[in-house]
Amino acid sequence: MWNFICDHKSRDFFRFWFAQLISQFGDRVYQMALVGMMTALHPGSVMEMSKLFCFAIIPTFIIGPIAGVYIDRWDRRTTLFVSYLIQGVLILLAAFYLIRLPFMWPMYLVVFGIATLSRFYIPAKMSFLPEIVHEDDLHVANSLSTITGMLAGGLGVLLGSYIVERTGFLSGFFWDTGCYFLSAALVFSITALQYRFPNKKAIIGGTKEMIKAQKNIWHEILEGISYIRSQKEISFIFWTMFILLSAVGAIYVVIIIFIQQVFHSVTTDLGFLAVSSTVGLFLGTLAYGKWGKKITAYKIIFWSLVLGGFIVIAFASIVQVTHSHLWALGLSFILGVVIGPVMVAPYTVVNKICAMEMSGKVFAAMEFVVYLAFLIAMMISSFLSQYVERIWILVSVGGIFMVVGVIGLLKYNLKGES
């Protein structure tokens, strides 16, 4: 992998890759800043925390499907550059002005706006990779981006939690602004001939052409859905991500408040636990890369559900009783190892089997499915947290996904025998 990065022919990928690392680092600092902000304004409230995150998720359903169509028409490098730039400006505006207002709705709008831009740059960056990397190197580029992205995200959570805990959430906003601006500069500096300068005429012309085209946007969205349904491997990936993100959404906000109250901190312990799980994800990813071909994808997914559910139950029960940082770190690490293998392969598979003209729509649809699962599960668990103790929500979620995993394994074994 290191030889691939240092290769002169990979200089465009290096700048793109480095921009992604910086932006992923900034994204995690931004998340810690939001947690710190809501804890300061509404301490201990799962519902208020969930409400804020809803504004970050809703654009997936409003903008996501349309974004995929536009991305397949626009210059993807320019889309990335503009998205990073505007996000940096919005965070700066929030830090200097909006957060000082006596009402929260302008801050909700900023969160909504940043999430809207993300709906463009996430599928754009995934679709952009095949344009700057040779097909034979796609698996290396995807693996490198995924693994190092995990590390950058973990470091962002760790440093972001420290920054927010020690200096306040406003400092987190300033750090995130710098990350977005630097990422924009790196994407702009890509030197491939067709990406030296933003082609404004091509962008405007492509947009007008799209508007005048006989196919309207919704027709292309339906075309993308039909394409996904026709590809069995892609459909399986979508179900995989839906199941996994349902589990994540169900415990996401609940476990944040749970950790804050057990360890009596705002973001510090969240940061350390996030790093521990990220290291586990990293090692789980490496293990899958070495031994994953020996195990079918179905077994990997179902066993991840069984083991992941068990670990969530153990984490909630043991940490609630012992208040032990060591147990919390160890169990979060194991959880990362368990779910790591099923967080890498999907994107490489899609890049390899998906037609280039459909990739934007496919990745946008994947974002839609992932966040739909996350949002539904998060809101259900947040509502229940008003009537049920948080530990029982975590235990119940773990139990449900253990049952789903066991049923899946039994059906898979019966199908294999028949």
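Some points on a nonpolar patch on the surface
- A surface patch of nonpolar side chains, about 730 Å² in accessible area, is lined by Ile 376, Ile 380, Phe 383, Leu 384, Tyr 387, Val 388 and Trp 392.
- Considering every element that reaches the nonpolar patch, the biggest residue donor is helix α17 (residues 359-384), with four residues.

Quick notes on the packing of aromatic side chains
- Applying the stated criterion to the full structure yields eight aromatic pairs.
- Summarising the aromatic geometry, the rings of Phe 81 and Phe 188 are spaced 5.1 Å apart at their centres and angled 40° between planes, so their arrangement reads as tilted. Of this pair, Phe 81 sits in helix α6 (residues 76-96) while Phe 188 sits in helix α9 (residues 169-188); the two residues are 107 residues apart in sequence, bridging distant segments of the chain.
- Chaining the aromatic ring pairs together yields one cluster made of Tyr 30, Phe 169 and Phe 173.

A short note on the confidence of the model for the protein
- Residue-level pLDDT values for the protein average 75, and 71% of them are 70 or greater.
- No element of the protein has a lower mean pLDDT than helix α10 (residues 200-212), at 49, and none a higher one than helix α15 (residues 325-339), at 91.
- Ignoring residues within four places in sequence, the model shows residues 193-200, a span with pLDDT below 50, making 18 contacts including any to other chains.

A short note on helix α12 (residues 232-263)
- Over its 32 residues, α12 runs 45 Å from end to end, which matches the ideal 46 Å to within 8%, given 1.5 Å per residue.
- The largest bend along α12 measures about 35° and falls at Tyr 252.
- A large share of α12 lies buried, amounting to 23 of its 32 residues.
- In the stretch just after α12, His 264 is the one whose phi turns positive, near 55°.

Some thoughts on unusual backbone geometry
- Positive phi is not limited to glycine here, since His 264 has a value of about 55°.
- On the secondary structure map, His 264 appears in the loop between α12 and α13 (268-291).
- The exposed category is assigned to His 264, whose relative accessible area is 69%.
- Phi is positive for His 323, close to 55°, though the residue is something other than glycine.
- Counting through the fold element by element, His 323 comes out in the loop between α14 (297-322) and α15.
- The partly exposed category is assigned to His 323, whose relative accessible area is 38%.

A few points about the side chain of Asp 27
- Its location among the elements puts Asp 27 in helix α2 (residues 11-41).
- Summary of buried charges: Asp 27 has no salt-bridge partner, and the nearest side chain of opposite charge, Arg 28, is 4.8 Å away.
- Once residues lying within four places of it in the same chain are set aside, the contact partners of Asp 27 are Tyr 121, Asp 176 and Tyr 180.

What to know about α15
- Given a rise of 1.5 Å per residue, 15 residues ought to cover 21 Å, and the 21 Å separating the end C-alpha atoms of α15 matches this to within 8%.
- Of the positions making up α15, those classed as buried are Ala 328, Leu 331, Ser 332, Gly 336 and Val 338. Viewed along the axis of α15, the buried residues span an arc of 160°, placing them on a single side of the element.
- The opening residue of α15 is Ser 324, an N-cap whose side-chain oxygen sits 3.3 Å from the backbone nitrogen of Leu 326.

A short note on the environment of Ala 316
- Along the chain, the position of Ala 316 falls in helix α14.
- Sequence separation between Ala 316 and Ile 255 is 61 residues, and the spatial gap between their C-alpha atoms is 8.6 Å.
- If we skip the residues at most four places from it in the chain, Ala 316 touches Phe 258, Ile 391, Leu 394 and Val 395.

Observations concerning the packing of helix α3 (residues 46-57) against α12
- Packing of α3 against α12 leaves a shortest axis separation of 10 Å and a crossing angle of 135°. As far as their axial angle goes, α12 and α3 are oblique. Pair α3 / α12 crosses with right-handed handedness. Residue-level contacts link Val 46, Met 49, Ser 50 and Phe 53 of α3 to Tyr 252, Val 253, Val 254, Ile 256 and Ile 257 of α12.

So, how was this worked out
- Here, residues in each chain are numbered from 1, in the same order as that chain's written sequence.
- Reporting of local features is limited, given that this is a predicted model, to residues whose pLDDT is at least 70; pairs of side-chain atoms are given and counted only at 80 or more, and all residues count toward the totals for whole chains, interfaces and linings.
- As a convention, hydrogens and water are excluded, and side-chain values are obtained from all of the structure's heavy atoms.
- For patch detection, residues must exceed 30% relative accessible area and be free of salt bridges, and they are connected within 9 Å for like charges or within 5 Å for nonpolar side chains (Val, Leu, Ile, Met, Phe, Trp, Tyr).
- Residue exposure ignores everything except the shown protein chains as possible cover, and the areas themselves are Shrake-Rupley values with a 1.4 Å probe.
- Criterion for a salt bridge: a side-chain nitrogen of Lys or Arg within 4 Å of a carboxyl oxygen of Asp or Glu.
- The numbering of helices and of strands both runs from the N terminus, where a helix is a DSSP run of H or I of at least 4 residues and a strand a run of E of at least 2.
- By convention, a stacked pair of Phe, Tyr or Trp rings (six-membered ring in the case of Trp) has centres within 6.5 Å and planes under 30 degrees apart, an edge-to-face pair has planes over 60 apart, and any other such pair is tilted.
- On a scale of 0 to 100, pLDDT captures the predictor's confidence in every residue.
- Only heavy atoms enter the contact rule, under which two residues are in contact if any of them lie within 4.5 Å.
- For a helix, the expected span equals 1.5 Å multiplied by the number of residues minus one.
- What is called the bend at a residue is the angle between a pair of axes, fitted to the seven residues leading up to and ending at it and to the seven starting from it.
- Each residue is assigned to one of three classes by its accessible area relative to the maximum for its type, calculated with a 1.4 Å probe on protein chains only: buried under 20%, partly exposed between the two thresholds, exposed over 50%.
- Note on charges: Lys and Arg go in the positive column, Asp and Glu in the negative column, and His and the chain ends are not counted at all.
- Starting at the helix axis, one direction is taken to each C-beta atom, and the arc is that of these directions.
- What qualifies as a polar contact is a pair of N or O atoms within 3.5 Å, subject to a donor-acceptor requirement within protein and to the restriction that residues adjacent in sequence count only when both atoms come from side chains.
- A fitted line through C-alpha atoms serves as each axis, taken over the contacting stretch for helices, and the angle formed by two N-to-C directions is quoted from 0 to 180°.
- By the definition adopted for this analysis, an angle is roughly parallel if under 35 degrees, roughly antiparallel if over 145, roughly perpendicular if from 65 to 115, and oblique otherwise.
- We call a crossing left-handed when the near helix sits turned anticlockwise from the far one by less than a right angle, and right-handed when that turn is clockwise.

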